[in-house]
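# Examination of the molecular architecture
Listed below, chain by chain, are the residues.
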Amino acid sequence: MGSYNLPKGITGSELLNNTETGLKAKAAKRGDVSDVVLAIEVDGKLVDLASPIDHDANISFVIGSSMEGRSVLRHSTAHVMAQTVRDLWPGAKYAIGPATEDGFYYDFELPGGDHFTDADLDRIEKRMSEIIKEDQPFAREEHNLAEGAKLFADQQYKLEIIQAVGEEESAADLSQDQVGVNNDPVVSVYRNAGDHSDFIDLCRGPHVPSTGYLGNFKLLKVAGSYWRGDENRQQLQRIYGTAFESPDALTEYLKRLEEAEKRDHRKLGAELDLFHFPHEIGGGLPVFHPKGALIRTMLEDFSRQVHLNSGYLPVWTPHVTKSTLYAKSGHLEWYSDNMYPPMEMEGAEYRLKPMNCPMHILVYSSRSRSYRELPMRLFELGTVYRFERSGVLHGLARVRGLTQDDAHIFCTPDQLHGELEALVAFVLEVLTTFGFDDFEAELSTRPEKFVGEISDWDLATNALASALSAANIPYRVAEGEGAFYAPKIDIHLTDAIGRRWQVSTLQVDLQMPARFGLYYVGDDNERHRPYMVHRALFGSVERFMAMLIEHYAGAFPLWLAPVQVLVVPVAESHHDYSDEVLLRLKEVGLRADIYPAEEPLGARIRKGKLEKIPYILVVGDEDVDSRTVGVNRRGSSKPERGVLLDDFVEEALSVVSEGHAGGGTAVKIGRQRLI
RNA sequence: GCCUGGGUAGCUCAGUGGUAGAGCAGCGCACUUGUAAUGCGCAGGUCGUGGGUUCAAUCCCCACCCCAGGCUCCA
């Protein structure tokens, strides 16, 4: 790394062996390239080790275990996979095959409409291993567009890409890497020659020097995909795989996949008897069983409590409305793809509610509002229905009927900044309650399809950005990803096994207040337009539950656990005492159940543990005499015998209240006119 | 919607061109238990739905329904 005075035209490989730099190439040991140099970065640009460096440059070496290194070896592995598919299905067309965050994929079209099946993955893997064993070099060539087109004459997707490169070039912006000596646009190709085949692929690179650097890979699944992601174009078949720098890293990743599968909320939802999706009702519409509903209830109670404590006012609005409401709000024009179709009733057309905002606006506009009432924060656990295409449904994480912890804040322009800042703090306080501490935000700006004035959009977007800066949370900007009526902030968090989830969202909206002619009377006795902030912290209760189930792996903290304590009498002779214990627990508000002595003790303990119940209390002769219980704490393998019942109750109650201290933040609120 | 895989008992799954099996769960009886599966018995199925081929279909063919993964990462 660093700047070197380099002989003209030296390559990365030569540099590695150049004693002056003190760097050496490590021999690529098959099976582990963790600290083997795979490519180099020249002035910040990744290139092959074999590329000549013809100017003074800042060089860094990219090793297998780095982010860039993994990406290079995954991309190279994707090439080997394409080569294999070409070998096994002569005439196969290959489209694109990039590295992804966790692996790689390649899109293909097989001749004669043939399709891959899962069983093909084994065959392909085997052949790939052979190519890797042959240690074929990745040889880079550059060709002008006409030559390139000739090389890929039978590859329509590659031809299309070459054509796109040509168009880019003519559209000015001549970038260094795609321009040859005569300023002709060029494309680069990589050639792998081996015993089985001579394979070329159109590719910007870089690649590992030869296939021998690869080997720790696994093909994971076959999927469909559209050429260029456009559902109106050719459907291709995609093979997903992953590759790592060492066998250990690969194994660890595969273990993580397994762990994620074990935590799948749909699986745990069935095992723990929380909810299901009856066919009789239809896709994306869950029913919650008693234990699932208890968890929901706890979440919703918590949400109500923190909102009421934080100056929100409850409202309640219906699930259906005349279509005209959504015509006025603009939803019919901009959002109807996601709305259930209309129903006719008594000559009027009705719709299921896809968003709560227009209804909350009607609460605001039910009478004239004074500036003294602002900010006004209207809160509702509002159930909405959205039509999602069948293929995108995913357990509780993506449903067609959902309940949002939704609120709309109406405020004066002066209050906007303070409201947003307080809001971001409120969001983080609520999410922290569930043990999350790694947050990241995304600021989505004006989309192509939008309503309103650009100046309003800019104002709203800036207000959001400054709230994020004030809250000091890292964020990135997603250009054009905003809702049709407002820019938004999405808060993402990382769960217990490192996965990111999008939860909270907040939007600054200047359009709805205008569409509905909202106003407040200021201290100047004039009418002014309020700003409106849409926000949901959980996002949807269903999705939040899905995330919590996976985050906790089904082992909910005490305050959320549907059954908090299971009382297990050793024998029938202890039933009187265990009933007494149960009664006491219920009296103090703990959710407790009893498992009478109709099966052996070990079996009953086991069932309680499989249910992930936080406390299992075993009571026997000793306990009856001394008013004690034997406490089994979830996660601990040894029980604690002889704990005074009173002491246990005290412990449990304090753990419950610590679990969700969340009292909310007392904040300034507009004066409420109660009479 | 489209591609791939799947649909057999409440759950997890086995199975065959001659209309079905296991384990767990459920129910009954016995066992009376101090920390992760007591024993015996019983019951439970329109083999997703409809059509076709066949003497005969859960199995083979066709259509449909439902479930899962993917269709965001762009040489």
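This report concerns the structure included in the present document. (Residues numbered from 1 in each chain as written. Chains lettered and ligands numbered in written order. Predicted model: local features only at pLDDT ≥ 70, side-chain atom pairs only at ≥ 80, totals over all residues. Heavy atoms only, no water.)

With that out of the way, let us pick up the environment of Thr412. Along the chain, Thr412 falls in the loop between β21 (401-411) and α12 (413-432). Here Thr412 falls in the buried class, since its relative accessible area comes to 11%. Taking C-alpha positions, Thr412 is 35 Å from Met545, a pair spaced 133 residues apart along the chain. If near-sequence neighbours (up to four positions away) are discounted, Thr412 is found in contact with Leu374 and Tyr520. (Helix = DSSP H or I, 4+ residues; strand = E, 2+ residues; numbered from the N terminus. Buried < 20%, exposed > 50% of the residue type's maximum accessible area, 1.4 Å probe, protein only. Contact = heavy atoms within 4.5 Å.)

In this section: helix α3 (residues 118-134). Taking 1.5 Å per residue, 17 residues should reach 24 Å; α3 reaches 26 Å between its end C-alpha atoms and fits that length. Within α3, burial applies to Asp120, Leu121, Ile124, Glu125, Arg127, Met128, Ile131 and Ile132. For α3, the elements touching its buried residues are α2 (67-88), β12 (216-226) and β13 (235-244). (Expected span 1.5 Å × (residues − 1).)

Bringing the packing of helix α8 (residues 290-309) against helix α15 (residues 541-551) into the picture now. At a closest axis distance of 11 Å, the pairing of α8 and α15 adopts a crossing angle of 110°. Considered as vectors, α8 and α15 are oriented roughly perpendicular to each other. In this structure, α8 meets α15 at a crossing whose hand is right-handed. On the side of α8, the interface is formed by Gly292, Ile295, Arg296, Leu299 and Glu300, while α15 contributes Val541, Glu542, Phe544, Met545 and Leu548. Residue composition of the contact of α8 with α15, by class: 6 nonpolar, 1 polar and 3 charged. (Axes fitted to C-alpha atoms, helices over the stretch in contact; angles between N-to-C directions. Parallel < 35°, antiparallel > 145°, perpendicular 65-115°, else oblique. Left-handed = near helix turned anticlockwise from the far one by under 90°. Nonpolar A, V, L, I, M, F, W, Y, C, P; charged D, E, K, R; others polar.)

Residues that lie three or four places apart on an α-helix share one face, since the helix turns once every 3.6 residues. For helix α16 (residues 575-587), which comprises 13 residues, the first-to-last C-alpha distance of 18 Å matches the rise-based estimate of 18 Å (1.5 Å per residue) to within 8%. Those residues of α16 lying buried are Tyr577, Ser578, Val581, Leu582 and Leu585. The buried residues of α16 all sit within an arc of 140° when viewed along its axis, so they share a single face. In α16, the exposed residues that point more than 90 degrees away from the buried face are Asp576, Leu583 and Glu587. Close packing links the buried residues of α16 with β29 (565-569), β30 (592-594), β31 (615-619), α18 (621-626), β32 (628-633) and α19 (645-659). (Arc of directions from axis to C-beta.)

Our next topic: the pairing of strand β23 (residues 475-478). With 4 bridges joining them, strand β22 (residues 439-444) and β23 adopt parallel strand pairing. Looking across to β23, one finds that Ala441 is bridged to Tyr475. A crossover connection joins β22 to the parallel β23 through helix α13 (residues 454-471); in handedness this β-α-β unit is right-handed. (Pairing = 2+ DSSP bridges. Right-handed = clockwise from strand over helix to strand, strands pointing away.)

Take the environment of Arg527 next. Note on placement: Arg527 falls in strand β27 (residues 527-528). Residues Arg527 and Arg369, 158 residues apart in the sequence, show an inter-C-alpha distance of 9.4 Å. For Arg527, the contacting residues outside a window of four places in its chain are Tyr519 and Tyr520. Engagement of the side chain of Arg527 in a polar contact is seen with the side chain of Tyr519, the distance being 3.2 Å. (Polar contact = N/O pair within 3.5 Å; in protein donor to acceptor, adjacent residues only side chain to side chain.)

Here we take up the sheet that holds strand β9 (residues 139-144). The strand order β9-β10-β11 describes an open sheet built from 3 strands, whose pairing is antiparallel. In this open sheet, the two edge strands, each paired with only one partner strand, are β9 and β11 (198-202). Ignoring which end each strand starts from, the neighbouring axes of this sheet average 30° apart. Strand direction decides the pairing type here: β9 and strand β10 (residues 186-193), joined by 6 bridges, are antiparallel. Each bridged residue has a counterpart across the sheet, and for Glu141 the counterpart in β10 is Val189.

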